[in-house]
Each structure stands twice: as structure tokens, then as C-alpha cells.
Amino acid sequence: NHSRVSTWHFCSEERSRPMSLAQVRIVGTGLIGTSIALGLAQKGIRIVPVDSERENELLARDLLTTALGTGESDLTIVATPPAKTLEVLQQEFARNPDQMFIDTGSTKFNLVSQVASFPELADRFLGTHPMAGRERGGARAAQSDLFQGRAWFVTPTPSTNSQVRALAAEVIVLLGATSYELEASEHDALLAAISHLPQAVSSALASSLNQELKLDLAGQGLRDMVRIASSDPLLWSEIFFANKGNVIKALEDFEGAIELIKRAISTEDKKTLVSIFEEGARKRLQVSGKHGAIARKYVELLIVIDDRPGQLSRLFQECADVNANIEDLSIEHSPGQPTGLISLSFSSEDAGRVMSHLRQRSWKVHQA
């Protein structure tokens with residue numbers, strides 16, 4: 001039961017703070033570190049990338065080109081694997097005790113507790129975690145817009161000073177993410193359910209597949225389920241060990257759900273099985289909420305468009321003309337077919353206005 005998460009709050013006041021960052025030092029030039037670097041560079045921030053693996057650092061430097069900085073920075077971001085974070089924080093603090101520090105690791109409680117043993121460092125450190133990633137890793141997979149529209153957790157303690165909080169808030173705003181504040185323990189319990197368990201299930205499913213099957217004939221369902229099984233094995237092993245108790249609890253809860261399905265199938269208990277599927281469908285809708293927030297109920301509109309250049313941009317402009325925000329979209333188009341089907345999701349308030357406007361403009365619109 002992760003009801004404790006209801007204590008979180010959106011740090012909306014951070015968006016009004018004046019921008020002061022000029023240069024950021026990033027230790028760890030993998031996917032997250034380099035993506036942060038590229039995103040901040042686009043906002044005019046100078047970047048000092050550092051990595052113990054020389055080739056990783058060189059690639060990040062080549063990607064950043066004219067955005068490279070020198071000398072001391074306003075903030076150091078530690079984007080290393082979890083097992084190295086504390087060591088790197090101590091090294092960076094010894095190098096420059098006047099620096100401010102944040103990290104990006106996906107587990108927080110152990111790290112925050114360890115940092116608390118070093119009061120001077122604890123004063124200048126804020127644990128953070130962006131909810132973004134890809135199944136591919138390294139600087140080669142980095143994207144400047146990786147954090148756009150994503151949740152970014154912050155886990156301050158009473159000793160965290162206001163300056164590092166302000167700098168972290170600035171980074172999050174510049175990268176287009178949305179900040180949420182949680183206790184470190186609450187963060188780890190939540191992440192076990194919404195991130196670590198899905199990784200375990202995906203990897204377990206992929207590893208259990210019989211190689212004698214014609215897996216190349218698999219449909220989209222299997223492909224969706226095993227997509228993140230391609231993630232970094234060593235990194236995820238570290239994450240699971242760092243959040244051991246919460247991950248085991250999440251796995252036990254999942255095992256209970258699987259056992260219910262097994263029992264319903266074996267006893268041909270259709271009522272129970274249908275009930276489980278219906279509950280799954282209801283909870284699936286909650287996953288589509290933006291920025292980690294509770295999902296709004298969206299209305300899906302189906303629009304038929306001609307397969308010719310400019311049609312999609314025209315459609316988006318039509319939505320903008322009536323000040324409607326597109327919450328989600330998908331495109332279906334068969335090769336050679338002269339038309340395509342665009343599915344756009346809106347809030348209930350926007351959907352009616354968009355449908356009326358598009359029909360007046362001779363678009364072919366249907367409600368799903």
C-alpha cells in the first residue's frame with residue numbers, strides 16, 4: 001500500500017524564481033548526465049562534463065561543442081550509477097567544499113541517510129530523481145528533450161539549504177520537467193511499484209521465453225512488455241539491491257495477483273477472472289496521467305486525414321486555434337492507403353470545442 005505518497009506536493013512556486021545558473025559540472029556522462037547537459041546547453045548554460053571513463057567524457061564533449069565550460073561551476077550534478085554516488089559526492093566536496101550538489105539516482109533513502117553523516121556536505125546536497133530514461137544507455141542515446149513533461153522528484157531534508165534547492169529547481173524548470181517533493185523513504189516505496197517492479201517483470205518475462213518459439217512472429221503485446229528488458233543489467237542490479245525491501249514487497253504483491261489469475265483459470269472462475277481484467281483496465285487509465293499526477297479522464301477523437309505533406313501540422317494548428325491542449329496522440333496508417341487515422345486525446349472541456357471546430361472546417365471527426 002503506497003498511500004503515503006498522497007503527502008507529496010507540486011513545487012509550483014519554483015517556476016517563479018529568477019534564473020541564476022551560468023555553469024554546471026556534470027559527473028557521469030551516461031544517458032541521464034549527457035541528456036541533462038544537452039538540455040541545459042540549449043538554454044545557454046555552460047557545461048563541464050566529467051567521467052571516469054575517458055571515452056564517455058570525450059563523446060559528451062564532442063556533443064556539447066561550443067557549450068563547454070571551464071573553471072568552477074554553480075552546481076555539480078552527480079549522474080553516476082547508485083553504487084558510486086556517495087564516493088563521487090565525497091570526492092567532489094573535497095575538491096570544492098563551496099559547491100552545491102544534486103544527484104539523479106533512482107533510490108534515495110540509503111544515499112540521503114549516508115550523506116547525513118557528513119553535515120557540511122548534507123547542507124549543500126539535495127537528492128533528486130528524474131523520471132526519464134530509455135532502454136538504451138550511454139551518451140550516444142542522450143536526448144536534449146528527455147525530461148520534457150516528465151516528473152522530477154526532490155527529497156530534501158531539514159539540513160538542505162535553500163540555495164541548492166533553488167538551483168535544483170532552476171535545472172528542473174529549464175529542462176521542462178515538473179518537480180515533486182517526497183520524503184526519501186516515500187520515494188523509494190513509490191519507485192519500487194511504478195518503476196522497479198515493471199523492470200523486474202519485463203526482464204523476467206523476456207528471460208522466460210522459450211528460444212525454440214518463433215519469437216520473431218510475436219505481436220505488439222509481447223514487444224511492449226519486454227521493451228525495457230534491454231536496459232542496463234548492472235545498473236538495475238544496483239538499483240534493486242539499493243531498494244531491496246521495497247522491491248521484494250512489490251514483487252510479493254505482484255505474485256499474489258498472478259496467483260489469483262492462476263487460481264481463477266484452474267477453477268474456471270470466470271467472474272473472478274473478468275473482475276481482475278476489469279480492475280487492471282481501470283488502473284491502466286491512471287498510468288496515463290501527466291507528470292506523475294492523477295490522470296484526468298480524456299476524450300479520444302478520431303480524425304481521418306489525407307496522406308499528403310502538411311496535413312498533420314494543419315491539424316495541430318486547428319487545435320491551437322481553439323486553445324485546446326492535445327494530451328496524447330497516435331497515428332495509424334497502412335502503406336499505400338490514401339488516408340490515415342489520427343487519434344487525439346483531450347480533456348472533456350477541450351474535446352467538444354475541438355470536434356465542433358474541426359467539423360466546421362470540414363475535417364472528418366469521430367468520437368471513439
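Look a little higher up for the structure.
Being a predicted model, the structure only gives us computed values, none of them experimental.

**Regarding the overall build of the chain**
- On a plain count of helices and strands, the chain comes out with 13 helices and 12 strands.
- Against the globule reference of 21 Å for 368 residues, the chain gives a C-alpha radius of gyration of 23 Å, in line with a compact fold.
- Relative to its 368 residues, the chain shows a buried fraction of 40%.
- Of the roughly 20400 Å² of accessible surface on the chain, a fraction of 53% belongs to carbon and sulfur atoms.

**Quick word on the packing of aromatic side chains**
- This model, assessed by the stated rule, comprises three aromatic pairs.
- Ring plane angle 75° and centroid distance 5.7 Å describe the contact between Trp236 and Phe240, whose orientation is recorded as edge-to-face. In this pair, Trp236 and Phe240 both sit in helix H9 (residues 233–242), four residues apart, roughly one turn of the helix.

**A look at the environment of Asp328**
- Along the chain, Asp328 turns up in strand E10 (residues 328–332).
- Spatially, the C-alpha atoms of Asp328 and Phe346 are 7.5 Å apart, while their sequence positions differ by 18 residues.
- When neighbours within four sequence positions are excluded, Asp328 is seen to be in contact with Ser343, Leu344 and Ser345.

**Things to note about the nonpolar core**
- In this structure, Ile36, Leu40, Leu75 and Phe147 are the most contacted members of the largest nonpolar core, which totals 32 residues.
- Mapped onto this core, the elements with two or more residues apiece are strand E2 (23–27), helix H1 (31–41), strand E4 (75–78), strand E7 (151–155) and helix H6 (162–174).
- Setting aside residues up to four positions removed in sequence, Ile36 forms contacts with Ile26, Ile77, Thr104, Phe147, Trp152 and Leu175.
- Of all hydrophobic cores here, the second largest spans 17 residues; its members include Leu301, Val322, Phe346 and Val354.

**Notes on the packing of helix H7 (residues 184–208) against helix H10 (residues 244–266)**
- Contact geometry for H7 and H10: axes closest at 9 Å, N-to-C directions at 60°. Between H7 and H10, the angle falls in the class oblique. Seen along the crossing, H7 lies across H10 with a hand that is right-handed. Where H7 approaches H10, its residues Asp188, Ala189, Ala192, His196, Leu197, Ala200 and Val201 are matched on the opposing element by Asn246, Val247, Ala250, Leu251 and Phe254.

**What about the pattern of salt bridges?**
- For the coordinates displayed, the defined rule picks out 13 salt bridges.
- Close ionic contact of Glu72 with Arg95 constitutes a salt bridge, the shortest N to O distance being 3.1 Å. Placement of the pair is Glu72 in the loop between helix H2 (54–64) and E4 and Arg95 in helix H3 (residues 82–95), with a sequence separation of 23 residues.
- Here Glu72 falls in the partly exposed class, since its relative accessible area comes to 48%.
- The salt bridge involving Glu279 is made with Lys283; its shortest N-O contact spans 2.9 Å. Note that Glu279 and Lys283 are positioned in helix H11 (residues 270–287) at a spacing of four residues, about one turn of the helix.
- Each of Arg25, Glu72, Glu92 and Arg95 takes part in one network of salt bridges that share partners.

**Things to note about the sheet that holds strand E9 (residues 298–306)**
- Overall, antiparallel pairing links the four strands, which are arranged E10-E11-E9-E12 in an open sheet. One side of each edge strand has no neighbouring strand; the edge strands of this open sheet are E10 and strand E12 (364–367). Between one strand axis and the next, the sheet turns by 20° as a mean value, whatever way the strands run.
- Note: E9 against E12, four bridges, orientation antiparallel. Bridge pairing in E12 places Leu302 opposite His366.

**Concerning H3**
- The end-to-end C-alpha distance of H3 is 20 Å, a good match for the 20 Å that 14 residues give at a rise of 1.5 Å each.
- Those residues of H3 not exposed but buried are Thr85, Leu86, Val88, Leu89, Glu92 and Phe93.
- Looking at the buried side of H3, the elements it contacts are E2, E4, strand E5 (101–103), helix H4 (109–115), helix H5 (119–123) and strand E6 (125–130).

**With respect to the pairing of strand E11 (residues 339–347)**
- In terms of burial, E11 is largely enclosed, as seven of its nine residues are buried.
- Both E9 and E11 contribute to a ladder of nine bridges, which runs antiparallel. Within the sheet, the bridge partner assigned to Glu300 lies in E11 and is Ser345.

**Describing the packing of H1 against H2**
- Two elements in contact, H1 and H2, have axes separated by 10 Å at closest approach and are oriented at 20°. On the basis of the axis angle, H1 is roughly parallel to H2. Both H1 and H2 take part in a crossing whose hand is right-handed. Residues Thr34, Ala37, Leu38 and Ala41 of H1 form the contact with H2, whose own contacting residues are Ala60, Leu63 and Leu64.
- A class-by-class count of the residues in the contact of H1 with H2 yields six nonpolar, one polar and no charged.

**Examining a nonpolar patch on the surface**
- On the surface, Phe316, Leu329 and Ile331 cluster together into a nonpolar patch covering about 250 Å² of accessible area.
- Tracing the backbone shows Leu329 in strand E10.
- Under the relative-accessibility criterion, Leu329 is labelled partly exposed at 43%.

**Some thoughts on the environment of Asn243**
- Along the chain, the position of Asn243 falls in the loop between H9 and H10.
- Here Asn243 falls in the buried class, since its relative accessible area comes to 3%.
- When the C-alpha positions of Asn243 and Thr104 are compared, they lie 15 Å apart, and in sequence the two are 139 residues distant.
- Filtering out sequence-adjacent residues up to four positions away, Asn243 remains in contact with Thr107, Asp188, Ala192 and His196.
- Among the polar contacts made by the side chain of Asn243, one reaches the side chain of Asn246 at a distance of 2.8 Å.

Thresholds applied
Residues numbered from 1 in each chain as written. Predicted model: local features only at pLDDT ≥ 70, side-chain atom pairs only at ≥ 80, totals over all residues. Heavy atoms only, no water. Helix = DSSP H or I, 4+ residues; strand = E, 2+ residues; numbered from the N terminus. Rg over C-alpha atoms; globule rule 2.2 N^0.38 Å. Buried < 20%, exposed > 50% of the residue type's maximum accessible area, 1.4 Å probe, protein only. Areas by Shrake-Rupley, 256 points an atom, 1.4 Å probe, with all protein chains shown as cover. Phe/Tyr/Trp six-rings, centres within 6.5 Å; stacked < 30°, edge-to-face > 60°. Contact = heavy atoms within 4.5 Å. Core = buried A, V, L, I, M, F, W, Y, C linked by side-chain atoms within 4.5 Å. Axes fitted to C-alpha atoms, helices over the stretch in contact; angles between N-to-C directions. Parallel < 35°, antiparallel > 145°, perpendicular 65-115°, else oblique. Left-handed = near helix turned anticlockwise from the far one by under 90°. Salt bridge = Lys/Arg side-chain N within 4 Å of Asp/Glu carboxyl O. Pairing = 2+ DSSP bridges. Expected span 1.5 Å × (residues − 1). Nonpolar A, V, L, I, M, F, W, Y, C, P; charged D, E, K, R; others polar. Patch = residues over 30% accessible without salt bridge, like charges linked within 9 Å, V, L, I, M, F, W, Y side chains within 5 Å. Polar contact = N/O pair within 3.5 Å; in protein donor to acceptor, adjacent residues only side chain to side chain.

The analysis is restricted to geometry; functional conclusions fall outside its scope.
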